[in-house]
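The chain contents come next:
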Amino acid sequence: MAWVGSSACGAAVAAELGRSLVVVYPELGEPFRQVFTSIIEGMEDRLGGAVTSFAVANNANPAQVADDVRKGEAKVLIGLGRGGMRVAAALADELDVMVGCVVSVQESEARSFPIHTLAPDPALLLARLKRLKPATRRVHLVYDPKLNAWLAKLAREAARAEGLELLAQEAADQAEALRAYTQLLASADPARDAVWLPQDPTTVDDNVVLTLVLKEGWNRNIVVLSSHLAHVKRGALFSLYPDNRELGRSLAVSAQRLASNPKSGASGVLPLRQAKAAINIRTAAHLGLDVASVQAGFDLVYPSS
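None of the values given here were measured: they were computed from a predicted structure. (Residues numbered from 1 in each chain as written. Predicted model: local features only at pLDDT ≥ 70, side-chain atom pairs only at ≥ 80, totals over all residues. Heavy atoms only, no water.)

*Asks:* Whenever I open this one, the packing of helix α2 (residues 32-47) against helix α10 (residues 244-260) confuses me. Can you help?
*Replies:* If you want to describe how two helices pack, look at the angle between their axes and the distance between the axes. Look at α2 against α10: their axes get within 6 Å of each other, and the N-to-C directions meet at 50 degrees. Relative to α10, α2 is oriented oblique. Both α2 and α10 take part in a crossing whose hand is right-handed. Residue-level inspection shows Val-35, Ser-38, Ile-39, Glu-41, Gly-42, Met-43, Asp-45, Arg-46 and Leu-47 of α2 in contact with α10, the latter providing Asn-244, Arg-245, Leu-247, Gly-248, Arg-249, Leu-251, Ala-252, Val-253 and Gln-256. Taken together, the residues that form the contact of α2 with α10 break down as 8 nonpolar, 5 polar and 5 charged. (Axes fitted to C-alpha atoms, helices over the stretch in contact; angles between N-to-C directions. Helix = DSSP H or I, 4+ residues; strand = E, 2+ residues; numbered from the N terminus. Parallel < 35°, antiparallel > 145°, perpendicular 65-115°, else oblique. Left-handed = near helix turned anticlockwise from the far one by under 90°. Contact = heavy atoms within 4.5 Å. Nonpolar A, V, L, I, M, F, W, Y, C, P; charged D, E, K, R; others polar.)

*Asks:* How should the pattern of salt bridges be read in this particular structure?
*Replies:* Where charged atoms from two side chains of opposite charge come close, those side chains can pair. Applying the stated criterion across every chain yields a total of 13 salt bridges. The partner of Arg-70 in a salt bridge is Asp-67, and the shortest N-O contact between them spans 2.4 Å. On the criterion of helical spacing, the pair formed by Arg-70 and Asp-67 is a turn pair, its members being 3 residues apart in helix α3 (residues 62-70). Arg-70 sits in the partly exposed class, given a relative accessible area of 37%. (Salt bridge = Lys/Arg side-chain N within 4 Å of Asp/Glu carboxyl O. Buried < 20%, exposed > 50% of the residue type's maximum accessible area, 1.4 Å probe, protein only.)

*Asks:* What is the right way to look at unusual backbone geometry in this model?
*Replies:* Backbone phi values are negative for most residues with the exception of glycine, while trans is the configuration of most peptide bonds. Cis rather than trans, the peptide bond between Glu-30 and Pro-31 has omega equal to 5 degrees. Structurally, Pro-31 can be placed in the loop between β2 (21-26) and α2. Look at the link from Tyr-302 to Pro-303: it is a cis peptide, with omega at -15 degrees. You can see Pro-303 is positioned in the segment after β14 (300-302). We note that Cys-101 has phi near 65 degrees; this positive angle belongs to a residue other than glycine. Structurally, Cys-101 is set in strand β5 (residues 96-102). On the basis of relative accessibility, which here comes to 10%, the residue Cys-101 falls in the buried class. One non-glycine residue, Asn-221, lies in the positive phi region at around 60 degrees. By secondary structure assignment, the location of Asn-221 is in the loop between α8 (208-220) and β10 (223-226). Asn-221 sits in the partly exposed class, given a relative accessible area of 34%.

Note that every value here comes from positions in space, so none of it alone points to a role or purpose.
Here's what the structure looks like:
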């Protein structure tokens, strides 16, 4: 276990939270290490001083790490990534804990504490879709209910708010997902339909499924949006991705709330709202969108010039 650092905060309140807050994250190489560093820097921005944080090796025993945390003055623990979540689960009965920076989780894993995922909020995705292509009327979503029933629920609410119809299909495995995509792509109306690829390892295989959806989307001029930044580089129209520093600030706000009102954090899976946006301008041009007008609203543009 490698300690990354701790120091007293400047102001009295921040100093108190600095002593009571511990951040645990996996010990990974770049670029992942920089992601966690930026999140922690965002927390420190919000709190006005350094926080106690340490990296945990992938093979570390969560129970042993929990013992080390108990030796300090921790009252609130933020676990980042899967490694941090394992430690948070080991201490959920003793401390106020929360988790951030995980890609996908089962709802059963969030019964004791809140989990802030990296899945972009459907409200943000669908609002941007409507701005890019106002004629869109229907959005197709294929998802694994064990992983993303919570997301589908939020997506239905977001779709109604945008005047969209969400056509959500459940798929228990990759074969079922592939059949669903094949059928919906064959019948989709390019003028009013869009396909949304969620962060779902069951239904979005980066080889077979992604290749099929991007190829057919391109051939039939169907909008494909994704919750994965990497898919934009491969041809999806747009995606949202984490603003890591802002995510850190948001997690710190939640930690402050827990510190001032213990056990106030509601459990459950939460989407990413601290997001930046990426667009593929080659795909936008192919779909007949005004590239010059839409490009200005994005933080990252592919192909890069």
